[in-house]
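Geometric and topological summary
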Amino acid sequence: MSTAPNRRAVAVILLIPLMVTLALWAFAWPAARIAPRDLPVGVAGPASAAQQLEQRFERRDGAFDVHRFDDEAAARTAIEDRVVYGAVVVTPQGPHLLTASAASPVVSQLLREAVTASAPEGTPVRVTDVVAAPPGDPRGSALGASVLPLALAGMAAGAVVTLIGLRGARAAVTLIGSAALVGLAATAVAHSWLGVVTGGWWAEAGVIALTELAIGSAVAGLAALFGPRGIGLGALPMVLLGNPFSGVTSAPELLPEPVGMIGQWLPPGAGGSLLRSVAFFDGSAAGGAALTLSLWSLFGLAAVLFARRAPTTAEPAAPVREPALTG
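Residues numbered from 1 in each chain as written. Predicted model: local features only at pLDDT ≥ 70, side-chain atom pairs only at ≥ 80, totals over all residues. Heavy atoms only, no water.

**Regarding the packing of aromatic side chains**
Rule in force here: Pairing of aromatic side chains here covers Phe, Tyr and the six-membered ring of Trp, requires ring centres within 6.5 Å, and sorts the geometry by plane angle: under 30 degrees stacked, over 60 edge-to-face, intermediate tilted. Each residue is placed in one exposure class: buried if its accessible area under a 1.4 Å probe, protein chains only, is under 20% of its type's maximum, exposed if it is over 50%, and partly exposed if it falls in between. Helix and strand assignments come from DSSP, with helices taken as H or I runs of at least 4 residues and strands as E runs of at least 2, each series counted from the N terminus. Both a distance and an angle decide whether a charge sits over a ring: NZ of Lys or CZ of Arg must be within 6 Å of the ring centre and within 35 degrees of the ring normal.
Applying the stated rule across the entire model yields 5 aromatic pairs. Ring geometry for Phe57 versus Phe64: centroids 5.0 Å apart, planes at 70 degrees, classification edge-to-face. For Phe57, a relative accessible area of 8% puts it in the buried group. Classification of Phe64 by relative accessible area gives buried; the value is 9%. A centroid spacing of 6.4 Å and a plane angle of 85 degrees characterise the contact between Trp296 and Phe299, whose relative ring orientation is edge-to-face. With Trp296 and Phe299 both in helix α12 (residues 287-306) and 3 residues apart, this pair spans about one turn of that helix. With relative accessibility at 21%, the residue Trp296 sits in the partly exposed group. Clustering of aromatic rings is evident, with ring pairs tying together Trp25, Trp29 and Phe245. Positioned above the aromatic ring of Phe281, the side-chain terminus of Arg82 is 5.1 Å from the ring centre.

As structure tokens, this is what we get:
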């Protein structure tokens, strides 16, 4: 009796629970450990009062990265440039909290609760949303929910290009064309229909297309290097880790270390950060994310164009010639 089918059955029995456990860890663990970790915030106002407020933030060791600003105008500029998520301005009437719900509604709520709790009893806390989330997505839910479908779309593009046997320049052109069309279609839905993003239409389409190209070309490139198993290798960083580690639904600085940092090195996280910058902050702080996506795209396209593709099937064995019979 052959043991090969039995071994395959045992492998499936063990592999499925392992994959489920890994997926639950990747998705549930970061979400269950949301808390500020070196979260950039600002403090502005008279030196003595601002110093006291800064010390209150620093009492929560490692939670906040406090920046000092001379006045409210400087604090607003830092928020608009994505240097900080929010700032507290000390005024004679009490603390004035500046937030940017477009950067992260979760962080805005966290800062509101923290400043209100630390203010003297009976002191009102005035709140100004300097860069507000769009009315079509005030909680950022739709933007956060878009990460997984976009990652799956890029994954599908890379897998299909591999499985239908496209090679070289034809594969690269297909990946680029698919990414461009996804960028146009997704922007039409998110910007024109839902109003989830409100920046420049073509800039947003370009960001989504670049994100798709980074994911799709990386998957196809890994398949070019390692054969069909490369599709599975691509699924790990692009979907299983890239989606929960992206920080799009909260903020990278709220995720456990080093998850937030790793997420920004992967296309889903970099794409989410770049889309926020383009859609709400006129492109501020977009350089790092754009570089990350470009490097992933270049790696993938270079592998597709130049790597010696691993064989997808075993080469047929040469026929064995029967010796001629002589009599």
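More follows now that the structure is in view.
**Focus: the nonpolar core**
Side chains of a nonpolar character, in soluble globular proteins, are inclined to be buried together. The test is simple: Only buried residues count toward a nonpolar core, which is a set of Ala, Val, Leu, Ile, Met, Phe, Trp, Tyr and Cys residues joined through side-chain atoms within 4.5 Å. Residue contacts follow a heavy-atom distance rule, with two residues in contact if any of their heavy atoms lie within 4.5 Å.
Residues Leu39, Phe57, Phe64, Val197 and Phe280 are the most contacted members of the largest nonpolar core, which totals 51 residues. In terms of residue count, helix α11 (residues 267-280) provides more of this core than any other element does, 6 residues in total. Residues within four places of Phe57 in sequence aside, it is in contact with Val41, Val43, Phe64, Val66, Val88 and Val115. Formed by 11 residues, the second largest nonpolar core is a distinct cluster that contains Ala157, Leu166, Leu175 and Leu301.

**Overview of the packing of helix α8 (residues 201-226) against α12**
Keep this limit in mind: Comment: axis = line fitted to C-alpha atoms, over the contacting stretch for helices; angle = value between 0 and 180 degrees taken between N-to-C directions. Put simply, a crossing is left-handed when the front helix is turned counterclockwise from the back one by less than a right angle, and right-handed when it is turned clockwise. Basically, the charged four are Asp, Glu, Lys and Arg, the nonpolar ten are Ala, Val, Leu, Ile, Met, Phe, Trp, Tyr, Cys and Pro, and anything else, Gly included, counts as polar.
Direction vectors running N to C along α8 and α12 enclose 35 degrees, while the axes themselves pass 7 Å from each other. Classified by chirality, the crossing of α12 by α8 is left-handed. Residue-level inspection shows Leu210, Thr211, Leu213, Ala214, Ser217, Ala218, Ala220, Gly221, Leu222, Ala224 and Leu225 of α8 in contact with α12, the latter providing Ala290, Leu293, Ser294, Trp296, Ser297, Phe299, Gly300, Leu301, Ala303 and Val304. A per-class count over the contact of α8 with α12 returns 15 nonpolar, 6 polar and no charged.

**Brief notes about the sheet that holds strand β4 (residues 94-99)**
The cut-off we apply is this: By the convention used here, strands pair only if DSSP detects at least 2 bridges between them.
Spatial strand order, β2-β1-β3-β4-β5: 5 strands in an open sheet with mixed pairing. Edge positions in the sheet fall to β2 (64-69) and β5 (126-129), since each has one partner strand and no second. Put simply, the sheet's adjacent strands are angled 25 degrees from each other on average, direction ignored. Relative to β4, strand β3 (residues 87-91) runs antiparallel, the two sharing 5 bridges. Bridge pairing in β4 links Ala87 to Leu98. Running over the sheet, helix α3 (residues 72-80) touches β1 (39-44), β2, β3, β4 and β5 and is turned about 25 degrees from β4.

**Quick look at the layout of surface pockets**
Picture a little ball the size of a water molecule; that probe, rolled over the atoms, points out where space is still empty. To keep it simple, the criterion reads: Using protein atoms alone on a 1 Å grid, points that fit a 1.4 Å probe yet trap it form a cavity, whereas open point sets bounded by protein on both sides within 12 Å along at least five of seven lines form a pocket; residues with an atom within 4 Å of a point count as lining. Grid points are joined across faces, edges and corners, and a volume is the space filled by probe spheres set on the points.
One number sums up the size of the largest pocket: a volume of about 430 Å³. Along the walls of the largest pocket sit 26 residues, with Arg82, Tyr85, Glu253, Gln264 and Ser273 positioned nearest its centre. Mapped onto the lining of the largest pocket, the elements with two or more residues apiece are α11 and α12. Per-element tally for the lining of the largest pocket: the top contributor is α11, with 5 residues.

**So, the environment of Ala179**
As for its position among the elements, Ala179 is in helix α7 (residues 168-193). Exposure remark for Ala179: the relative accessible area of 4% places this residue in the buried category. Separated by 103 residues in sequence, Ala179 and Asp282 place their C-alpha atoms 23 Å apart. In this structure Ala179 touches Ala209, Glu212 and Leu213, once residues within four positions along its chain are discounted.

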